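Examining the three-dimensional arrangement
Chain by chain, the residues run as shown.
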Amino acid sequence: MGYECVTALGKIKEYLAGAAVVAFDFETSPLEGYRAEERAALDAHKAEITGVSFSVSEGSGIYVPFRHRVGRNIRKPEAVMEYLQAALFGNVEVIKIAHNLSFESMFLYALGVVVQAPVYDTIAAAQLTLKSGTAFRGLSDSGLKTLVPLLFGVELPDFRTVTDGRFFDELSPQDGETVRYACADSDYALRLYYLFNDWFDRYLPRHRFLVEQVESPTAVFCGIMRYNGLVLDQAAMEERQREADGRIAEIREEIAFLIGDVNIGANASTSAFKNYLYKDLGLPVLKTTAKYQEAADDEAMILLADWCRENRPELVRLFELVQEYRRIGKIRSTYLDGYLRHVNQATGRIHPDLMPLGTETGRFSARNPNLQNMPRKGSDPVGIRRLFVAPPGCAVMELDYSQVELRVGAFYCRDGKMLETYRGGGDIHAQTTSVIYHIPVEQAADKNGADYKERRIIAKNCNFGVFYGLFPRGLQKTLKFKAGLDTPLSDCENIIANLKAGYPQLSRWQEATKRQAAARRYSETWLGRRRYLPGIVSQDWGKKSFAERCAMNTPIQGTAADIIKLAMGRIVAVLPEYPWIQPVLTVHDSLVFYVPEEKVEEAGRLIKGLMERRPFAEFDVPLVAEVAAGVNYGEMDEW
């Protein structure tokens, strides 16, 4: 291989001169205070760039050592980065390739550099290529050390073997194995770029567009969000822990007073507790598990509580206590303990792993911790959101796409009433309430009306559910367990029938979408993000029904995901001009930022304009991004 260690800026310039496509890769090592901490080298707050490799053609590469503790480094690495910012990372004429671009983006952002498109993330490309007939690669299938042996028949040098227990900055950059290890990552990222693009051009051309125009700029945005993280009020969180512990102890005492010394465990789901309910008390089995055992989940508790109100009223209090015990226990373990466990000691912030391709529809998922499952404002008794606060002198700002999935649904099904409502700035939930209950829209939108709240809850659940093929019994269950409404099945049947009659194009689109998916064996978003659905031709009704719902869900939810990712790319393009705007999180259809208090209005206007821009030429439904800002994530004033 033509791999070389370069320690002169002139040599770097000579190697990169005239290159239209450049792959790059960082080697990182922990800072002095974090060298005993596992994985510190992967954290841009605890590590620094040891060196960078580049490749402009197959089989070639240079490694530029910045901060090795042995051997010879390049002089003035800051001057080198200044050159690279102008010639490469900020150059809109050069395609920048990296495997796991969000990682490189994070370390560049730590230096004040926002890498600009065109960019190409080969780990995103891997996840948008097939590993078998109808299965796309997952994140675990897409590591460089996994892909290269599989696709090129070459075993790359292993990090542990090369470093032999040392950090990368403890290796000599003039050693052949060090250079080979560093350069191979860039070289094979470049080869993957050409290999994947050739595959896309042959089999799935629209996925190449997704990688280049949607997922790769999103990867840059991801790295920036991860670097910034969210500030947590740790003292308040610890106080909430103590309060939760106290309340859990009180509830356990109350339950013990009612049922004696039955062991309920941490979640009131022990075998002893189930035996007490179904054997000792003789309560009816209203729900079973997948293995046909008596269920004791939250739904079973609600059903038993309802039954007891009619038949055993003396037991109602027990089920109320059990539900509260579980709710507070979950808040304690998932949010209070779980979030505190992930506070970064270098920053005092939480920096979650955000995965842009974490779901089959293209929506984000998150872990370590999963901040996307944070309680909503209306169901947050502990005030978890209020514990995420703005840094001093800043405000938390959230921009949330209003009803984006319903707007995308209206775009797809072309129903005149839906399109008219959105184009006129109307309220689709009020419109649906009007359709369901045969009342004027003005009456449906009247917040002071006697039945306003209940009807709107039903309308919202119908709007989101019916688009995805919700059945009457499913609507009944949703209203029961999400909204606390006891709605007769006949009413649910009438509600769905009225909704479909009111939006006639919706049913036609659904049937056409299912037929098309059955013929193709896949569904896709407007931009071509494909999801294979082999179960859509299954003889098993359950599998077929699930696949049909996926066929309707994927175009809508997936296109909505593409819309917010395109907005992320537009924001990345302007961030160098607005370095005081700090992206910190995305939750479904919203983006969260930290901005200086005096610049809230300027930032809100800018980001709102970028998010509401037409995502692609055919999209003819107005997008609305609602802006809210405040001192913490739970107390924000809407514009």
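Structure report, in brief. (Residues numbered from 1 in each chain as written. Predicted model: local features only at pLDDT ≥ 70, side-chain atom pairs only at ≥ 80, totals over all residues. Heavy atoms only, no water.)

To continue, consider the packing of helix α8 (residues 205-228) against helix α21 (residues 541-574). Orientation of α8 relative to α21, taken along the N-to-C sense of each, is 65°, at an axis distance of 8 Å. Regarding α8 and α21, the two cross each other, and that crossing is left-handed. In this structure, α8 uses Leu210, Gln213, Val214, Glu215, Pro217, Thr218, Val220 and Phe221 to contact α21, whose residues at the interface are Asp562, Lys565, Leu566, Met568, Gly569, Ile571 and Val572. Of the residues contributing to the contact of α8 with α21, the split by class is nine nonpolar, three polar and three charged. (Axes fitted to C-alpha atoms, helices over the stretch in contact; angles between N-to-C directions. Helix = DSSP H or I, 4+ residues; strand = E, 2+ residues; numbered from the N terminus. Left-handed = near helix turned anticlockwise from the far one by under 90°. Contact = heavy atoms within 4.5 Å. Nonpolar A, V, L, I, M, F, W, Y, C, P; charged D, E, K, R; others polar.)

Right, let's get into the environment of Phe107. Looking at where Phe107 falls in the secondary structure, it is placed in helix α3 (residues 101-110). Judged by its relative accessible area of 3%, Phe107 is buried. Here the alpha-carbon distance between Phe107 and Val80, two residues 27 residues apart in the chain, equals 15 Å. Residues within four places of Phe107 in sequence aside, it is in contact with Phe26, Thr28, Ala41, Leu42, Asp43, Ala44, Ala47, Glu48 and Ile49. (Buried < 20%, exposed > 50% of the residue type's maximum accessible area, 1.4 Å probe, protein only.)

Applying the stated criterion across every chain, the model contains 28 aromatic pairs. Centre to centre, the rings of Phe471 and Trp541 are 6.2 Å apart; their planes meet at 35°, and the pair counts as tilted. With Phe471 in the loop between α17 (452-467) and α18 (472-483) and Trp541 in helix α21, this pair connects stretches of sequence that are 70 residues apart. Between Trp526 and Phe616, the ring centres sit 6.3 Å apart and the planes meet at 10°, which makes this aromatic pair stacked. Highlighted residues: Trp526 in the loop between β13 (522-524) and β14 (530-532) and Phe616 in the loop between α22 (600-612) and β17 (625-632), separated in sequence by 90 residues. Exposure remark for Trp526: the relative accessible area of 32% places this residue in the partly exposed category. Taken together through their ring pairs, the aromatic side chains of Phe411, Tyr412, Trp509, Trp526, Phe616 and Phe619 make up a single cluster. Lying over the aromatic face of Tyr188, Arg191 brings its terminal NZ or CZ to 4.3 Å of the ring centre. In this arrangement the basic side chain of Arg530 is found over the ring face of Tyr522, its NZ or CZ atom lying 3.8 Å from the centre. (Phe/Tyr/Trp six-rings, centres within 6.5 Å; stacked < 30°, edge-to-face > 60°. Lys NZ or Arg CZ within 6 Å of the ring centre and 35° of its normal.)

The next point concerns the pairing of strand β2 (residues 21-30). Summarising burial for β2: ten of the ten residues are buried, a large majority. Covered by surrounding structure in β2 are Val21, Ala23, Asp25, Glu27 and Ser29 together with Val22, Phe24, Phe26, Thr28 and Pro30, the residues of both alternating faces. Pairing analysis gives three bridges linking β2 to strand β5 (residues 95-98), with the strands arranged parallel. Bridged to Val21 within β5 is Ile95. Inspection of the sheet shows β2 paired to strand β3 (residues 47-55) by eight bridges, in the antiparallel sense. (Pairing = 2+ DSSP bridges.)

So, on to the packing of helix α15 (residues 428-437) against α17. As a packed pair, α15 and α17 sit with axes 9 Å apart at the nearest point and diverge in direction by 100°. It follows that α15 is roughly perpendicular to α17 by the angle criterion. Seen from α15, the contacting residues are Ile428, His429, Ala430, Thr432, Thr433, Ile436 and Tyr437; seen from α17, they are Arg455, Arg456, Ile458, Ala459, Lys460, Cys462, Asn463 and Phe464. (Parallel < 35°, antiparallel > 145°, perpendicular 65-115°, else oblique.)

Our next topic: the nonpolar core. Of all hydrophobic cores here, the largest spans 203 residues; its most connected members are Ile12, Phe54, Phe89, Leu277 and Phe388. When near neighbours in sequence (up to four residues on either side) are disregarded, Phe89 contacts Phe24, Phe26, Met81, Leu84, Lys96, Leu108, Val113, Val114, Val115 and Gln116. Counting six residues, the second-largest nonpolar core is a separate cluster that includes Ala517, Leu533, Ile536 and Cys550. (Core = buried A, V, L, I, M, F, W, Y, C linked by side-chain atoms within 4.5 Å.)

With that out of the way, let us pick up the sheet that holds β3. Taking strand neighbours across the sheet as the criterion, the six strands line up as β1-β4-β3-β2-β5-β6 in an open arrangement whose pairing is mixed. Two strands in the sheet have a free side with no partner beyond their single neighbour: β1 (2-5) and β6 (119-121). Across this sheet, the average inter-strand angle for adjacent strands is 25°, counted without regard to direction. Contacting β1, β2, β3 and β4 (60-65), helix α1 (residues 9-16) runs over the sheet at an angle of about 150° to β4. Across the sheet, α3 touches β2, β3, β5 and β6, and the angle it forms with β2 is around 65°.

Note that side chains of opposite charge can pair when their charged atoms are close. Inspection of every chain in the model, using the stated rule, returns 47 salt bridges. One salt bridge in this structure joins Asp185 and Lys145, with 3.2 Å as the shortest N-O distance. In this pair, Asp185 is assigned in helix α7 (residues 176-203) and Lys145 in helix α5 (residues 144-152), connecting sequence segments 40 residues apart. Overall, the relative accessible area of 9% leaves Asp185 in the buried class. Classification of Lys145 as partly exposed rests on a relative accessible area of 36%. One continuous salt-bridge network, built from bridges that share partners, spans Arg247, Glu250, Glu254, Arg317, Glu320 and Glu324. (Salt bridge = Lys/Arg side-chain N within 4 Å of Asp/Glu carboxyl O.)

Of note, the bond from Ala117 into Pro118 is cis; its omega dihedral lies within 30 degrees of zero at 5°. Tracing the sequence through the fold places Pro118 in the loop between α3 and β6. Of note, the amide linkage connecting Asn368 to Pro369 takes the cis form, showing an omega dihedral of -5°. Within the fold, Pro369 resides in the loop between β10 (365-367) and β11 (388-389). Look at Arg414: it is not a glycine, yet its phi comes out positive at around 60°.

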